[in-house]
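Working through the structure, step by step
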Amino acid sequence: VPMALKVAEELEKQGVSVEVIDPRTIRPLDIDAMARAGQVLEGRHDFKAFAATTDRPSVRTVHSVRVRRQGSFVTIDVRADSFLRGMVRRIVAVLLEVGRGKMNETEVREALANRKPARNGANAPAKGLCLRRVVLGRRTEATDDADGDD
């Protein structure tokens, strides 16, 4: 690691952005804790703590937050009636903190209630996040059945 830090320092001088990760500090994410914390966010809440801006009404209904491991990937699916700017990136950042053991379910509940920026407004990087589907109009039971999630 010391040698990697020296190399990173030299590259930084050349304008190259470098992140050094010590593999001894890497631990697997606690997916079960992340899933429990995600359930705290389900329902109709004021998501001001998870918004990039506060110039719009911030009450939203999150229908589900699903966290699961798929091979070496962890997927987080959030379904809601609508989203605030930056809301999903902030939700993902908080759930990752839970998965790393740096935050717990109670702290997620408190962040939601306090309406102050959760984790000081920390965002998950956009890299790796994707919008998979948009459903317009009212959802009906027939539409829900067509999802194949049952």
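Calculation notes
Residues numbered from 1 in each chain as written. Predicted model: local features only at pLDDT ≥ 70, side-chain atom pairs only at ≥ 80, totals over all residues. Heavy atoms only, no water. pLDDT = per-residue confidence, 0-100. Contact = heavy atoms within 4.5 Å. Helix = DSSP H or I, 4+ residues; strand = E, 2+ residues; numbered from the N terminus. Patch = residues over 30% accessible without salt bridge, like charges linked within 9 Å, V, L, I, M, F, W, Y side chains within 5 Å. Areas by Shrake-Rupley, 256 points an atom, 1.4 Å probe, with all protein chains shown as cover. Salt bridge = Lys/Arg side-chain N within 4 Å of Asp/Glu carboxyl O. Buried < 20%, exposed > 50% of the residue type's maximum accessible area, 1.4 Å probe, protein only. Pairing = 2+ DSSP bridges. Axes fitted to C-alpha atoms, helices over the stretch in contact; angles between N-to-C directions.

1. Thoughts on the confidence of the model for the protein
- Counting all residues, the mean pLDDT for the protein is 83, and 87% of those residues have values of 70 or more.
- Per-residue pLDDT stays below 50 along residues 142–150; that stretch engages in 7 contacts with residues further than four places along the chain or on separate chains.

2. Focus on the environment of Thr53
- Within the secondary structure, Thr53 is located in the loop between strand 1 (43–46) and strand 2 (59–70).
- Sequence-wise, Thr53 and Arg85 are 32 residues apart; in three dimensions their C-alpha atoms are separated by 6.9 Å.

3. Here's the deal with a nonpolar patch on the surface
- On the surface, a cluster of nonpolar side chains totalling about 270 Å² of accessible area is made up of Leu5, Val16, Val18 and Val20.
- Structurally, the position occupied by Leu5 is in helix 1 (residues 2–13).
- With relative accessibility at 47%, the residue Leu5 sits in the partly exposed group.

4. A short note on the pairing of strand 2
- Bridge count between strand 1 and strand 2: 4 bridges; the pairing is antiparallel. Note that in strand 2 the partner of Arg44 across the bridge is Thr61.
- Of the pairings in the sheet, the one linking strand 2 to strand 3 (residues 73–80) comprises 8 bridges and is antiparallel in character. Bridging from a neighbouring strand, Val67 pairs with Ile76 of strand 3.

5. Topic: the sheet that holds strand 3
- Spatially, the 3 strands line up as an open sheet ordered 1-2-3, and their pairing is antiparallel. Each of the sheet's edge strands pairs with one partner strand only, and the pair in question is strand 1 and strand 3. Neighbour to neighbour, the strand axes of the sheet diverge by 45° on average, direction disregarded.
- The sheet strands contacting helix 2 (residues 31–40) are strand 1, strand 2 and strand 3, and the helix crosses strand 2 at an angle near 170°.
- The sheet contacts of helix 3 (residues 87–99) involve strand 2 and strand 3, and relative to strand 2 the element is tilted by about 50°.

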